[in-house]
Amino acid sequence: MNNKLYGKLIFELSHEGSRAYSLPGNEFGGYELPSEMRREADAELPECDELTVVRHYTNMSGNNFGVDNGFYPLGSCTMKYNPYINEEMAARREFSAVHPLQPVDTCQGALAVYYNLQKSLSAITGLSEFTLNPFAGAHGELTGLMIIRAYHESRGDGKRVKVIVPDSAHGTNPASAAVCGLEVVEVKSTADGTVDVEDLRGLLDDTVAAMMMTNPNTLGLFEPRIPEIAEMVHACGALMYYDGANLNPMLGVCRPGDMGFDVMHINLHKTFSTPHGGGGPGSGPVGVRKGLEQFLPKPKVVKNGDRYDIETADDGIHVGAFLGNFCVDVKAYTYILTLGRENLKMVGPLATLNANYIKECLKDVYDLPITGLCKHEFVFNGLKDKSTGVTTMDVAKRLLDFGFHAPTIYFPLLFHEAMMIEPTENETKETIDAFISVMREIAREAKDEPETVKSAPHDTPIGRVDDVLAAKHPVLKFQ
Ligand SMILES: *Cc1c(COP(=O)(O)O)cnc(C)c1O
């Protein structure tokens, strides 16, 4: 958009006396707010006509980058395509207009969707029962840990206060454990990037409540020693927790319930194709193995004969308002039904193939600290040739000039120049090849014209920002 008018802030478009609305007079007469609740001066809002407002925000929205604009290989976030049929289903009045307190006889269809999603997740993961109440992955972790604590307490085993978390774990794992009032103990990774079983052995005793694992782990590697780890953890009386935020590579291939996990969460807003980013809405269902169902939070949807009911309870765990983010559940269930059993099984292998293809095509110019097969994502440690001084941050910024979203950078913390790439299963070979050639071009620039990369981005509406200044001294209002 070259028109200078629309690169401006809405305050700069303000024109005294312009109005974008006209409210009808109040036929019931006025209501005077008590004076102590009234402003002394008018709020300083921009004054614009309706069409200017519409154009301003429509043009601003064109500056957004999303999965619908281009390739978005943000590792650990699974930015996969969100088919529009999911949105159409969630927007149907039968789903969007139900009230959480309306009589169950009047919303049997909505409850059927809810119940069937609970059952589908059990079938996909091999766990006995699911709650859809938690609103996000981290909320699911907290719920799962509360379940684990309730389980230990029910057995009179109150001394279990520790949660073991791998050093490569997502930051939400230790955070959730801490919020749950549990103590975090870190288990090391071996040089090949998987859990160090010997280190774990030394940490296990009767004060451990749970071991949290992510599989494939944050480096995109399948943890090969899970059966052995599960046996050790169970032998000491603790439970196995599975962080299934990124279940993508596992869909239809293997199931956490079959690996010895007791409790897990899933991010519907990653693996099950409901849009996320910008803070929501999400859904982080939690599943438990047989024998732990009674610890799941209420309310939940149950089926009695042909009728669906909502079961509530005053005691036990409560983690959110009503039954969770129902619109997200409708989208996830639509996604599962549109793919069906057979196609759902293709998700994992295709995501894995795409990630390995990119990794192999770029490993001669980018530093690959952990070689071998990855699952749905992998980590480079910056450019192979570090002599140019071009960093991962520079490469990420330069990618924006070529119309690609940057990968996840500087996470996981195991490598200084981490660049975590996750292509997902939806991308065509043409898109992936285009990304590979741009990544190679940036590597060439780093060598021949490093300043081009270091000063990127050049073609975005806003150039390189000072991240530290922005974080320490944010300017949040128009002056
Ligand atoms: C995204 C993610 C989470 C947290 O999920 P939120 O919905 O953002 O709270 C937890 N663990 C892993 C491995 C993740 O990738």
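Above: the structure in question.
Residues numbered from 1 in each chain as written. Predicted model: local features only at pLDDT ≥ 70, side-chain atom pairs only at ≥ 80, totals over all residues. Heavy atoms only, no water.

*Asks:* Would you mind going over the overall build of the chain in detail, with residue names and values included?
*Replies:* Secondary structure summary: the chain contains 13 helices and twelve strands in total. For 479 residues, the compact-globule estimate of 2.2 N^0.38 gives 23 Å, and the chain sits close to it at 25 Å. Of all 479 residues assigned to the chain, the portion counted as buried reaches 48%. Partitioning the contacts of the chain with sequence separation of at least 6, the portion at a separation of at least 24 is 69%. Across the chain, the 44 positively charged side chains and the 64 negatively charged ones have centroids separated by 3 Å. (Helix = DSSP H or I, 4+ residues; strand = E, 2+ residues; numbered from the N terminus. Rg over C-alpha atoms; globule rule 2.2 N^0.38 Å. Buried < 20%, exposed > 50% of the residue type's maximum accessible area, 1.4 Å probe, protein only. Contact = heavy atoms within 4.5 Å. Lys, Arg positive; Asp, Glu negative; His and termini not counted. Charge placed at Lys NZ, Arg CZ, Asp CG, Glu CD.)

*Asks:* Let's hear about the sheet that holds strand β11 (residues 408-409): which residues, and what values?
*Replies:* Taken in spatial order, the three strands make up an open sheet running β10-β12-β11, and their pairing is antiparallel. The open sheet terminates on both sides in strands that have one partner only, identified here as β10 (378-381) and β11. Pairing between β10 and strand β12 (residues 418-421): four bridges, direction antiparallel. Bridged to Phe-378 within β12 is Ile-421. (Pairing = 2+ DSSP bridges.)

*Asks:* If you had to explain the pattern of salt bridges to someone new, which residues and values would you point to?
*Replies:* The final tally for this structure, using the stated rule, is 32 salt bridges. Taking the shortest distance from any N to any O, the salt bridge between Glu-94 and Arg-92 comes out at 2.9 Å. Using a relative accessible area of 40% as the deciding quantity, one classes Arg-92 as partly exposed. A salt bridge links Arg-155 to Asp-157; the nearest nitrogen and oxygen atoms lie 4.0 Å apart. One salt-bridge network, held together by shared partners, links Arg-155, Asp-157, Lys-159 and Arg-160. (Salt bridge = Lys/Arg side-chain N within 4 Å of Asp/Glu carboxyl O.)

*Asks:* Could you give an account of the site of the ligand, with specific residues and numbers?
*Replies:* Around the ligand, a shell composed of 13 residues is seen, among which Gly-137, Ala-138, Asp-243, His-269 and Lys-270 lie nearest. The backbone of Gly-137 places a nitrogen or oxygen atom 2.7 Å from an oxygen atom of the ligand. Here an oxygen atom of the ligand sits 3.0 Å away from a polar atom, N or O, in the side chain of Asn-267. For the ligand, whose free accessible area comes to 380 Å², the fraction covered by protein is 86%. For the shell around the ligand, the element with the highest residue contribution is helix α5 (residues 137-154), accounting for three residues. The residue makeup of the shell around the ligand, split by class, is three nonpolar, seven polar and three charged. (Near = heavy atom within 4 Å. Polar contact = N/O pair within 3.5 Å; in protein donor to acceptor, adjacent residues only side chain to side chain. Areas by Shrake-Rupley, 256 points an atom, 1.4 Å probe, with all protein chains shown as cover. Nonpolar A, V, L, I, M, F, W, Y, C, P; charged D, E, K, R; others polar.)

*Asks:* Help me get a handle on the packing of aromatic side chains, residues and values and all.
*Replies:* This model, assessed by the stated rule, comprises twelve aromatic pairs. Each ring, one from Phe-71 and one from Phe-404, has its centre 6.0 Å from the other, and the planes form 90 degrees; the classification is edge-to-face. Within this pair, whereas Phe-71 is found in the loop between α1 (50-61) and α2 (84-91), its partner Phe-404 is found in the loop between α10 (392-401) and β11, the two being separated by 333 residues in sequence. With a relative accessible area of 9%, Phe-404 lands in the buried category. With 6.3 Å between their ring centres and 35 degrees between their planes, Tyr-114 and Phe-326 make a pair best called tilted. Of this pair, Tyr-114 sits in helix α4 (residues 108-125) while Phe-326 sits in helix α9 (residues 326-362), placing them 212 residues apart in sequence. (Phe/Tyr/Trp six-rings, centres within 6.5 Å; stacked < 30°, edge-to-face > 60°.)

*Asks:* Break down a nonpolar patch on the surface for me, citing the residues and quoting the values.
*Replies:* The grouping of Leu-9, Phe-11 and Phe-478 at the surface amounts to a nonpolar patch, some 270 Å² of accessible area in total. On the secondary structure map, Phe-478 appears in the segment after α13 (467-472). Classification of Phe-478 as partly exposed rests on a relative accessible area of 39%. (Patch = residues over 30% accessible without salt bridge, like charges linked within 9 Å, V, L, I, M, F, W, Y side chains within 5 Å.)

*Asks:* Describe the packing of α5 against helix α6 (residues 172-179), with residues and values.
*Replies:* Two elements in contact, α5 and α6, have axes whose closest approach is 9 Å; the angle formed by their N-to-C orientations is 45 degrees. Between α5 and α6, the interaxial angle falls into the category oblique. Crossing geometry of α5 relative to α6 is assigned as right-handed. Two secondary-structure elements touch here, α5 through Ala-138, Glu-141, Leu-142 and Leu-145 and α6 through Thr-172, Asn-173, Ser-176, Ala-177 and Val-179. (Axes fitted to C-alpha atoms, helices over the stretch in contact; angles between N-to-C directions. Parallel < 35°, antiparallel > 145°, perpendicular 65-115°, else oblique. Left-handed = near helix turned anticlockwise from the far one by under 90°.)

*Asks:* Explain the nonpolar core to me, and be specific about the residues and the numbers.
*Replies:* Judged by nonpolar contacts, the single largest core of 56 residues is most densely connected at Leu-121, Met-211, Ile-229 and Phe-272. Excluding anything up to four places from it in sequence, Ile-229 contacts Val-195, Val-197, Leu-200, Met-211, Met-213 and Met-240. Counting 25 residues, the second largest nonpolar core, distinct from the first, contains Leu-368, Cys-374, Phe-404 and Val-453. (Core = buried A, V, L, I, M, F, W, Y, C linked by side-chain atoms within 4.5 Å.)

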